[in-house]
Amino acid sequence: MSLQPFLDRLDQLQSDAQNAFDGAADADALEAARVTFLGAKNGQFKDVQKMLGGIEPADKRAAGMRLNDVKQAIHTAFETAQSQLGGGGSSQIEPGFDPSLPGRRPRLGHIHPITQTIDHLTEIMGRMGFEVAEGPEVEDPFHNFVALNIPEDHPARDPLDNFYLATAGTAVDIGEGDALLRSQTSTVQIRVMQERQNSAPGQPIRIISLGRVYRPDAPDATHFPMFHQMEGLFVDEHVTMANLKTVLRVFANNYLGDDVEIRFRPSFFPFTEPSVEVDFLWNGTWIEFGGAGMVDPNVFEAVGYDPEKVSGFAFGLGVERLCMRRHGITDIRDLYSGDLRFLQQF
Ligand code: DAH
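Residues numbered from 1 in each chain as written. Predicted model: local features only at pLDDT ≥ 70, side-chain atom pairs only at ≥ 80, totals over all residues. Heavy atoms only, no water.

The name given to the protein chain in an unreviewed UniProt entry is Phenylalanine--tRNA ligase alpha subunit, with Neorhodopirellula pilleata as the source organism. Under the Subcellular location (unreviewed entry) heading, UniProt states for the protein chain: "Cytoplasm". Taken from UniProt, the Sequence similarities (unreviewed entry) comment for the protein chain reads in full: "Belongs to the class-II aminoacyl-tRNA synthetase family. Phe-tRNA synthetase alpha subunit type 1 subfamily." (UniProt positions renumbered as here; feature names shortened; annotations may be inferred.)

Here it is in structure tokens:
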């Protein structure tokens, strides 16, 4: 073989290798390119090196020197590409660091099952035209009791049944009596009706409010001192009990399935007349999920609505119970244990 084709082959090899190393997008691609060009067995450099044996003796020295230069250049190109990828050569690896160990997986966040339930309930009720309203968790007795037709001597106001915010025997007064953590989301009915009279007088109201409520109950499988309710309120002309039953039935079918059985049981709440308790059949037993009824005229009067002109229905359902029924959870405390083995199932 004569010298020139050999030198041309070397030039070609050098530029091919350079391009391959420069174009390698990651460490794996670079390693593949290294094997292609510098591999000890079938690398292209090895192949060209073998051709040196067929060079005329007079050209051997020049050919050998050029071969060494190209070898050096290819190695340099490889090392440059390697350090640009950030992998670094072996000299850059800290002592004691084993690059072959698996990486540390970042811990991804996870939406709590109750938050997922709230999102789901909001979506179902939104499809029926209910918008979301919010109210504070620290309330005054007017919104938690008085406007809801719960008189001063009613047992629901007993300090043993509520978290009043008192320090050293002195109740905290937030303007309208002793502040407390709200014991029900029905407070939001009052706030919304008060507010809408200014912002949208005469307009129908169709809201839900999902949030925390607090009661000093000892925790067991079905009780927890903090839990969530979904409150609903519909105010318009000519609203009837039939509307209430339809909305709750459609809601239950959407959230718990078409075969869910629902029962409305006559009951009493100070802020509705008539009132019902809402039960769902669960494993052959009727379980109460909340209360509902037609807004009591006294409530309308407390917030300045004319009960002769408007009527409405309201309901309050336990969010944890709904979540537990849907997912087959048997102990409410599991939801608040913070145990990721439990929470990550949802
Ligand atoms: N606030 C009631 C409770 O916590 C539930 C409830 C009953 C809400 C009847 C309502 C209702 O809006 O109309 O036990």
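K.L.:
Could you give me a rundown of helix H10 (residues 319-327), with the residues and numbers involved?
P.N.:
Turning to H10, its buried residues number three or more, namely Val319, Glu320, Leu322, Cys323, Met324 and Arg325. Once H10 finishes, Gly328 follows within two positions and takes phi at roughly 70°, a positive value. (Buried < 20%, exposed > 50% of the residue type's maximum accessible area, 1.4 Å probe, protein only. Helix = DSSP H or I, 4+ residues; strand = E, 2+ residues; numbered from the N terminus.)

K.L.:
Can you lay out the site of the ligand for me, pointing to particular residues and giving the numbers?
P.N.:
Within the structure, the ligand sits among 15 residues, and Gln184, Gln189, Arg215, Gln229 and Glu231 are positioned closest to it. Between Gln184 and the ligand, the recorded distance is 2.7 Å, taken from a side-chain N or O atom to a nitrogen atom. A distance of 2.7 Å separates an oxygen atom of the ligand from a polar side-chain atom of Arg215. Here the ligand, which alone exposes 350 Å², has 90% of that area covered by the protein. Elements supplying a minimum of two residues to the shell around the ligand: strand S7 (226-236), strand S10 (285-295) and strand S11 (311-318). Among the residues forming the shell around the ligand, the class breakdown is 5 nonpolar, 8 polar and 2 charged. (Near = heavy atom within 4 Å. Polar contact = N/O pair within 3.5 Å; in protein donor to acceptor, adjacent residues only side chain to side chain. Areas by Shrake-Rupley, 256 points an atom, 1.4 Å probe, with all protein chains shown as cover. Nonpolar A, V, L, I, M, F, W, Y, C, P; charged D, E, K, R; others polar.)

K.L.:
Can you break down the packing of helix H1 (residues 3-23) against helix H3 (residues 44-51) residue by residue, with the values?
P.N.:
Between H1 and H3, the shortest axis-to-axis distance is 11 Å and the interhelical angle comes to 170°. As summarised for this structure, H1 and H3 are arranged roughly antiparallel, according to the angle between their axes. Taken together, the residues of H3 that come into contact with H1 (itself represented by Phe6, Arg9, Leu10 and Leu13) are Gln44, Phe45, Val48 and Met51. Partitioning the contact of H1 with H3 into residue classes produces 6 nonpolar, 1 polar and 1 charged. (Axes fitted to C-alpha atoms, helices over the stretch in contact; angles between N-to-C directions. Parallel < 35°, antiparallel > 145°, perpendicular 65-115°, else oblique. Contact = heavy atoms within 4.5 Å.)

K.L.:
Pulling in residues and values, what's your account of the UniProt feature "binding site: Mg(2+)" (unreviewed entry) in the protein chain?
P.N.:
What UniProt calls "binding site: Mg(2+)" (unreviewed entry) maps, in this numbering, to Glu273. For Glu273, the position within the fold is in strand S9 (residues 272-282). Those residues in contact with Glu273 that lie beyond four places of it in its chain are Met294 and Asp296.

K.L.:
I'd like a description of the environment of Asp8, backed by residues and values.
P.N.:
Mapped onto the elements of the fold, Asp8 is located in helix H1. Among the residues examined, Asp8 registers a relative accessible area of 40% and is labelled partly exposed. When the C-alpha positions of Asp8 and Tyr214 are compared, they lie 85 Å apart, and in sequence the two are 206 residues distant.

K.L.:
With reference to specific residues and values, describe the packing of helix H5 (residues 113-127) against helix H8 (residues 241-256).
P.N.:
In the contact formed by H5 and H8, the axes pass within 10 Å of each other and the chain directions differ by 130°. The pairing of H5 with H8 is recorded here as oblique in orientation. In the packing of H5 onto H8, the handedness of the crossing is right-handed. For the pair H5 and H8, the contacting residues are Thr117, His120, Leu121, Ile124, Met125 and Arg127 in the first and Val247, Phe251, Asn254 and Tyr255 in the second. Of the residues that constitute the contact of H5 with H8, the class distribution is 6 nonpolar, 3 polar and 1 charged. (Left-handed = near helix turned anticlockwise from the far one by under 90°.)

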